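# Structure at a glance
If you want the building blocks of each chain, they are given just below.
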Amino acid sequence: MSTLATPQTATTTWNLDPAHSVAEFKVKHMMISNVKGQFAKVSGTLTLDESDLANSHVEAVIEAASIETRDAQRDTHLKSPDFFDAEKFPTLTFNSTRISQVRDGELSVEGDLAIRGVTRRVLFSVEGPTPPAKDPWGNTRVAVSATTKINRKDFGLTWNAALETGGILVGDEVTITLDVQFVKD
């Protein structure tokens, strides 16, 4: 009687390192310049199948109230019901649904982004993951850089103000950039 060996996959779990990760966004202000902001509290998990990246999965959670734009009055407004309504919707989440390799070192990560109780499918262009590296304390790390663009109105972020000279105060298109390090579990 022979026993067929079941192929083993090299699946590993990696936890997002918030001290070495940034979730930021930029949006047009007054139709003339970009304003950038970031979220200070980000967590997440990467389940990495090194033999087939398509079987990998990523989840991320961002605390809406951790928004920082270097202007306290603007931050308070962004946390209010006019924008993120952080009290009612305390987190923004992302769960991948499909990961595909575009070319070596580049991935396409599709998934469900939830902001303010609205979930939409988005597509991130991803550089990475980098080859694993050991830090001075013996931990193994990988990193990714991911970018997507969304229309904020698709997520219920509709507040705006007309400008006296024409146009609007806040642009609709938002660029989201994630520069993230993960530590092997």
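Residues numbered from 1 in each chain as written. Predicted model: local features only at pLDDT ≥ 70, side-chain atom pairs only at ≥ 80, totals over all residues. Heavy atoms only, no water.

### A short note on the packing of aromatic side chains
Applying the stated rule across the entire model yields three aromatic pairs. Aromatic side chains F25 and F39 sit 5.9 Å apart centroid to centroid with 45° between the ring planes, which places their arrangement in the tilted category. Linking F25 in strand β2 (residues 22–29) with F39 in strand β3 (residues 33–39), this pair joins segments that are 14 residues apart in sequence. Comparing F25 with F39 shows no difference in burial state: the two are buried. A ring pair is formed by F39 and F84, whose centres lie 5.7 Å apart and whose planes are at 85°; its orientation type is edge-to-face. With a gap of 45 residues between them, F39 in strand β3 and F84 in the loop between α1 (72–79) and β7 (91–103) connect regions that are remote in the sequence. (Phe/Tyr/Trp six-rings, centres within 6.5 Å; stacked < 30°, edge-to-face > 60°. Helix = DSSP H or I, 4+ residues; strand = E, 2+ residues; numbered from the N terminus. Buried < 20%, exposed > 50% of the residue type's maximum accessible area, 1.4 Å probe, protein only.)

### Focus on the nonpolar core
In this structure, F84 and F182 are the most contacted members of the largest nonpolar core, which totals 38 residues. Setting aside its immediate chain neighbours within four residues, F84 contacts F39, A64, I67, L78, K79, F89, L92, I115, R116 and L157. (Core = buried A, V, L, I, M, F, W, Y, C linked by side-chain atoms within 4.5 Å. Contact = heavy atoms within 4.5 Å.)

### Brief notes about the pairing of strand β4 (residues 42–49)
Sheet topology places strand β1 (residues 11–16) next to β4; five bridges connect them, and they run antiparallel. Across the sheet, residue T12 finds its bridge partner in β4, namely L48. Direction of pairing for β4 relative to strand β5 (residues 57–63): antiparallel, over a ladder of six bridges. Bridged to S43 within β5 is V61. (Pairing = 2+ DSSP bridges.)

### Looking at the confidence of the model for the protein
Here the protein shows a mean pLDDT of 87. Residues at 70 or above account for 88%. In the model of the protein, β2 stands out as the element of lowest mean pLDDT, 84, in contrast to strand β9 (residues 118–127), which has the highest, 96. (pLDDT = per-residue confidence, 0-100.)

### What about the pattern of salt bridges?
Counting across every chain of the model gives six salt bridges. In this structure, a network of salt bridges that share partners links the residues R98, E110, D112 and R121. (Salt bridge = Lys/Arg side-chain N within 4 Å of Asp/Glu carboxyl O.)

### Brief notes about the environment of D17
By the secondary structure assignment, D17 is in the loop between β1 and β2. With relative accessibility at 11%, the residue D17 sits in the buried group. If we skip the residues at most four places from it in the chain, D17 touches R141, Q181, F182 and V183. At a separation of 2.6 Å, a polar atom in the side chain of D17 contacts the side chain of R141. (Polar contact = N/O pair within 3.5 Å; in protein donor to acceptor, adjacent residues only side chain to side chain.)

### Focus on unusual backbone geometry
Note that the residue after G128, namely P129, is joined by a cis bond; omega there is 0°. Following the sequence through the fold, P129 ends up in the loop between β9 and β10 (133–134). Its identity is not glycine, yet R70 carries a phi of approximately 70°, on the positive side. Looking at where R70 falls in the secondary structure, it is placed in the loop between β6 (67–68) and α1. One non-glycine residue with positive phi stands out, namely D85, at about 50°. On the secondary structure map, D85 appears in the loop between α1 and β7. By relative accessible area, D85 is classed as buried at 13%.

### What to know about the pairing of β7
Where β5 lies against β7, five bridges are found, and the strand directions are antiparallel. Along β7, the bridge assignment pairs I62 with L92. Sheet topology note: the β7/strand β8 (residues 106–115) ladder contains nine bridges and is antiparallel. Paired with F94 across the bridge in β8 is L113.

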